[in-house]
Amino acid sequence: MESQHKHLLELLKRTSDHGESNSVLIIGPRGGGKTMLLNCVLRDLLEVTDASKILLQVHLNGLLQTDDHVALKEITRQLHLENVVGDKVFGSFAENLVFLLDALKKGDRSNSRPVLFILDEFDLFAHHRNQTLLYNLLDVSQSAQTPIAVVGLTCRLDVLELLEKRVKSRFSHRQIHLLSSATFTHFLETATSQLSLPDDFPDDQFAQEWNANIKALWKDKSVKNALQRHFNSSKDLRSLHLLLMLMLSRVTVSKPFIQPADIIEASRCCMVDSKANVLHGLSILELCLIIAMKHLNDIYDGGPFNFHMVHNEFKKFLQRKSHSIHNFEKPVVIKAFEHLHELELIRSVEGSTAKIQREYQLMKLMLDHTQIMEALQKYPQCPTDVKQWAMSSFG
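To start, this report covers the structure provided alongside it.

Basis of the calculations
- Residues numbered from 1 in each chain as written.
- Predicted model: local features only at pLDDT ≥ 70, side-chain atom pairs only at ≥ 80, totals over all residues.
- Heavy atoms only, no water.
- Phe/Tyr/Trp six-rings, centres within 6.5 Å; stacked < 30°, edge-to-face > 60°.
- Helix = DSSP H or I, 4+ residues; strand = E, 2+ residues; numbered from the N terminus.
- Lys NZ or Arg CZ within 6 Å of the ring centre and 35° of its normal.
- Expected span 1.5 Å × (residues − 1).
- Buried < 20%, exposed > 50% of the residue type's maximum accessible area, 1.4 Å probe, protein only.
- Contact = heavy atoms within 4.5 Å.
- Salt bridge = Lys/Arg side-chain N within 4 Å of Asp/Glu carboxyl O.
- Core = buried A, V, L, I, M, F, W, Y, C linked by side-chain atoms within 4.5 Å.
- Patch = residues over 30% accessible without salt bridge, like charges linked within 9 Å, V, L, I, M, F, W, Y side chains within 5 Å.
- Areas by Shrake-Rupley, 256 points an atom, 1.4 Å probe, with all protein chains shown as cover.
- Lys, Arg positive; Asp, Glu negative; His and termini not counted.
- Charge placed at Lys NZ, Arg CZ, Asp CG, Glu CD.

## Regarding the packing of aromatic side chains
1) Next: This structure, assessed with the given rule, holds nine aromatic pairs.
2) Next: Ring geometry for Phe206 and Trp210: centres 6.0 Å apart, planes at 35°, overall tilted. Highlighted residues: Phe206 and Trp210, both in helix α11 (residues 204-217), separated by four residues, approximately one helical turn.
3) Next: Measuring from centroid to centroid gives 6.3 Å for Trp210 and Phe257, while their planes differ by 35°, and the two rings are tilted. Taken together, the positions of Trp210 in helix α11 and Phe257 in the loop between α13 (237-248) and α14 (260-270) put the pair 47 residues apart, joining distant regions of the chain.
4) Next: A connected cluster of aromatic rings, assembled from ring pairs, spans Phe201, Phe206, Trp210 and Phe257.
5) Next: Lying over the aromatic face of Tyr135, Arg166 brings its terminal NZ or CZ to 4.2 Å of the ring centre.
6) Next: Over the ring of Phe231 we find Lys235; its NZ or CZ atom is 4.8 Å from the centre of that ring.

## A word on helix α16 (residues 284-299)
1) Next: Here α16 contains 16 residues, and its C-alpha end-to-end distance of 23 Å stays within 8% of the 22 Å for a straight helix at 1.5 Å per residue.
2) Next: Among the 16 residues in α16, 13 count as buried, and that is most of the element.
3) Next: Looking one or two residues beyond α16, the residue adopting positive phi is Asp301, at roughly 55°.

## Brief notes about the side chain of His128
1) Next: Here His128 is to be found in the loop between α7 (122-125) and α8 (132-142).
2) Next: Accessibility expressed as a relative area gives 8% for His128, which makes it buried.
3) Next: Look past the residues within four positions of His128 in its chain and what remains in contact with it is Gln65, Thr66, Asp67 and Asp68.

## Thoughts on the pattern of salt bridges
1) Next: Following the criterion strictly, the structure yields twelve salt bridges and no others.
2) Next: Ionic pairing is found between Arg14 and Glu20, a salt bridge with its closest N-O pair at 2.9 Å.
3) Next: Look at Arg14 and you get partly exposed, because its relative accessible area is 23%.
4) Next: Glu20 sits in the partly exposed class, given a relative accessible area of 30%.
5) Next: Put simply, Glu265 and Arg268 hold a salt bridge, and the shortest N to O gap is 2.6 Å. In this pair, Glu265 and Arg268 are both assigned in helix α14, three residues apart and thus about one turn of the helix distant.

## Some words on the nonpolar core
1) Next: Counting residues in hydrophobic clusters, the biggest one holds 37 residues, and the most contacted among them are Leu289, Ile290, Met293, Phe305, Phe314, Phe337 and Leu376.
2) Next: Secondary structure elements with two or more residues in this core: α16, α17 (307-320), α18 (330-342), β7 (363-365), α19 (369-378) and α20 (384-391).
3) Next: Apart from residues lying up to four places away in sequence, Phe337 is in contact with Leu289, Met293, Phe305, Asn306, Phe307, Val310, Ile346 and Met363.
4) Next: Among the nonpolar cores identified, the runner-up in size contains 33 residues, and Ala71, Leu100, Val140 and Phe171 belong to it.

## Some points on a negative patch on the surface
1) Next: Together, Asp199, Asp200, Asp203, Asp204 and Glu209 make up a negatively charged patch on the protein surface.
2) Next: Relative to the assigned elements, Asp203 resides in the loop between α10 (184-195) and α11.

## Remarks on the environment of Glu10
1) Next: Within the fold, Glu10 resides in helix α1 (residues 2-18).
2) Next: Looking at Glu10, the relative accessible area reads 42%, which means it is partly exposed.
3) Next: Separated by 48 residues in sequence, Glu10 and Val58 have C-alpha atoms that sit 19 Å apart.

## Here's the deal with the environment of Met363
1) Next: Locating Met363 in the fold gives a position in strand β7.
2) Next: Overall, Met363 belongs to the buried group, its relative accessible area being 3%.
3) Next: Each C-alpha atom, one on Met363 and one on Arg170, is 37 Å from the other, the two residues being 193 residues apart in sequence.
4) Next: Sequence-distant contacts of Met363, that is, excluding residues within four places in its chain, are made with Pro304, Phe305, Phe337, His341, Ile346, Arg347, Ser348 and Val349.

Right, here's the structure in full:
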């Protein structure tokens, strides 16, 4: 990470010391050290130079600033310019932003106070209407106005594809990649160090027994498999901490050591599938429609489907097993289909919604075969015919 640290520090130094505007994206997986890298660079920058006296920082987060007007209010608040703006009315977002930046100027460009804009969850700002905030920030960084540095943090590798052409043309295309190189061995070592008791623990005998128990746990095959599954789904240390916390919460006075069953149960709690849980609350009709979609997926190799295709598949099943399932009217079936759409278990295929009747809009199933079969096994009082239909190769 040293080269990335050096590169980012050099960029921000040029902004704070020489008034040079820059823009850069830090890209990496969640828990990969993006925020840590930026915080280390800022700490070093403020220690080494006089930047602490002149550099202004604005921190925005795509999860909090959900549109450009909210973001602009937050910029005004963080720059302490509420009194300057007052009750002024601006014609456009750009005028408002330029006014804010002009208010920070002290003489010519060389004496202007540099501003550092940190955009966390940068990809979410790309979903704002017309990408006005990104366009204006990057436009200012390209022009001879107030010196600003725009630093975006994101976990999406395709983030540049989300930008409009006019926004992309104003971005410097500097990217710093932080790719995770964590191995399962390192993952286990981290878990061991987090759970182990220190040498200065008051009860020396208990500490030795506890640490020996922790080392013995990793040799258990079921424990290793549970941790391997967790590692494969997320290498983020924060998710590991959650797993360890759930394990430790099962330790009691009567059961003072972690058992393999505790780890397996904690792993199961961490790996809960939210979509599979939604399936447990569906009606039998909605479940039958999901199974019909599963069969259409098998037949057409994952291709999209519409309501009529699903309804026909469902009717075929009813003709064979009409004694166990009620024959629902078409409007009722349409309502159930729409409910599945609202629950986001199915979604419209892009470009298929314009000027097409609802029954003919192309949809895609957002569940896989395993999720459907697991939900059927746990569904209370599920008719045997429905289970058999789901397990058959084709409807």
